[in-house]
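A structural walkthrough
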Amino acid sequence: MKFFLDTAALDDIREAASIGVLDGVTTNPTLLSREGCPPMEQLAQICEIVQGPVNGEVIGDDHETMIREGRKLREIADNIVVKIPMTKEGLKAVRVFSDEGVPTNVTLVFSSNQALLAAKAGASYISPFLGRLDDIGHVGMDLIREIMVIYENYDIMTEVLAASIRSPLHVVEAAMAGANIATVPFGVIDKMFRHPLTDSGIESFMNDWKKLGHDIG
Ligand code: G3P
């Protein structure tokens, strides 16, 4: 499973990259607005840190505008993926980009039918939003499981990017369902590292080593 960071915060991106666990980044207008910087410059800075896919989202609501914006986003760097909302106009833009070999991520996917249509239009990635389905009393993970079966039935190459992830358990369940990618907030990656038995194990090993009175070198 690949890990993307779901943020536009440079410090978090730098830290995840320095640990060596970062395969890519997803942003959206909300995440960029939290940083309070000009968004195109922020994306350019992210692309300087991350070599993998960096998702920048279009904001237009007709396909001509989305295509124009997508092209501007692609001028930032070669690793920009054009993130496009799951609408009829959005899928028209996805088709154009797909024919040109430009990678796209269809976002705000909440049903398997939407996932089928996005794949048909040639999306490189789709982003089902797990947490937001959970928020309204659905089991978000069921959607990932359903999409994985459907994509497998037809050998669909579109990658499933589990999004709106809120907890380490979401990551485990998405991995068990076979999602290609999990995009996670930094706080969730941080929690994924932790286990109390790891902490107490390190402490007791260190205490025992100190009793030897020697360094390793
Ligand atoms: O990846 C999509 C994500 O940014 C949305 O997450 O927590 O706002 O539903 P959330």
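Now for a description of the structure that goes with this document. (Residues numbered from 1 in each chain as written. Predicted model: local features only at pLDDT ≥ 70, side-chain atom pairs only at ≥ 80, totals over all residues. Heavy atoms only, no water.)

**Looking at the sheet that holds strand E3 (residues 54–57)**
Strand pairing in a sheet relies on backbone hydrogen bonds. The paired strands run either parallel or antiparallel. Strand order in the closed barrel made by the 8 strands is E1-E2-E3-E4-E5-E6-E7-E8, with parallel pairing throughout. The mean angle between the axes of side-by-side strands here comes to 30 degrees, regardless of whether they run parallel or antiparallel. Two elements, strand E1 (residues 2–6) and strand E8 (residues 181–184), share 4 bridges in a ladder whose sense is parallel. Counted as the bridge partner of Leu5 is Val184 from E8. Lying on the sheet, helix H3 (residues 39–49) is in contact with strand E2 (24–26), E3 and strand E4 (80–85); it crosses E3 at an angle near 170 degrees. (Pairing = 2+ DSSP bridges. Helix = DSSP H or I, 4+ residues; strand = E, 2+ residues; numbered from the N terminus. Axes fitted to C-alpha atoms, helices over the stretch in contact; angles between N-to-C directions. Contact = heavy atoms within 4.5 Å.)

**Some remarks on the state of the cysteines**
Scanning all chains against the criterion turns up 0 disulfides. Cysteine Cys37 is unpaired, with the sulfur of Cys47 as its nearest cysteine sulfur at 15 Å. Residue classification places Cys47 among the buried residues on the basis of a relative accessible area of 13%. (Disulfide = S-S within 2.5 Å. Buried < 20%, exposed > 50% of the residue type's maximum accessible area, 1.4 Å probe, protein only.)

**A look at helix H6 (residues 112–121)**
Residues of H6 that are buried: Ser112, Ala115, Ala118, Ala119 and Ala121. Buried-residue contacts for H6 involve helix H5 (88–100), strand E5 (104–109), strand E6 (125–128) and helix H8 (140–153). Positive phi appears at Gly122, one or two residues downstream of H6, with a value of about 100 degrees.

**Some remarks on the pairing of E3**
Residue alternation in E3 divides its side chains into two sets, Val54 and Gly56 and Asn55 and Glu57, and both sets are buried. Bridge count between E2 and E3: 2 bridges; the pairing is parallel. Looking across to E3, one finds that Val25 is bridged to Val54. Note: E3 against E4, 4 bridges, orientation parallel. Paired with Asn55 across the bridge in E4 is Val81.

**Focus on the pattern of salt bridges**
Across all of its chains, the model carries 11 salt bridges by this definition. Residue Lys83 pairs with Glu57 through a salt bridge whose shortest N-O separation is 3.9 Å. Of the two residues, Lys83 sits in strand E4 while Glu57 sits in strand E3, which places them 26 residues apart along the sequence. The exposure class assigned to Lys83 is buried, which follows from its relative accessible area of 3%. Between Asp190 and Arg194 there is a salt bridge whose closest N-O contact spans 2.9 Å. When its relative accessible area of 28% is taken as the criterion, Asp190 is described as partly exposed. (Salt bridge = Lys/Arg side-chain N within 4 Å of Asp/Glu carboxyl O.)

**Focus on H8**
Given a rise of 1.5 Å per residue, 14 residues ought to cover 20 Å, and the 21 Å separating the end C-alpha atoms of H8 matches this to within 8%. Summarising the contacts, the buried residues of H8 are in contact with E5, H6, E6, helix H7 (130–135), strand E7 (159–162) and helix H9 (168–177). Downstream of H8 by one or two residues, Asp155 has phi in the positive range, about 50 degrees. (Expected span 1.5 Å × (residues − 1).)

**Regarding the site of the ligand**
The environment of the ligand is formed by Asp6, Asn28, Leu31, Phe129, Arg132, Ala163, Ser164, Arg166 and Thr183. Within the contact set of the ligand, an oxygen atom lies 2.7 Å away from a side-chain nitrogen or oxygen of Asp6. In this structure, an oxygen atom belonging to the ligand sits 2.6 Å away from a side-chain N or O atom of Ser164. Out of a free accessible area of 310 Å², the ligand has 82% covered by protein chains. (Near = heavy atom within 4 Å. Polar contact = N/O pair within 3.5 Å; in protein donor to acceptor, adjacent residues only side chain to side chain. Areas by Shrake-Rupley, 256 points an atom, 1.4 Å probe, with all protein chains shown as cover.)

None of this, on its own, says anything about what the molecule does.
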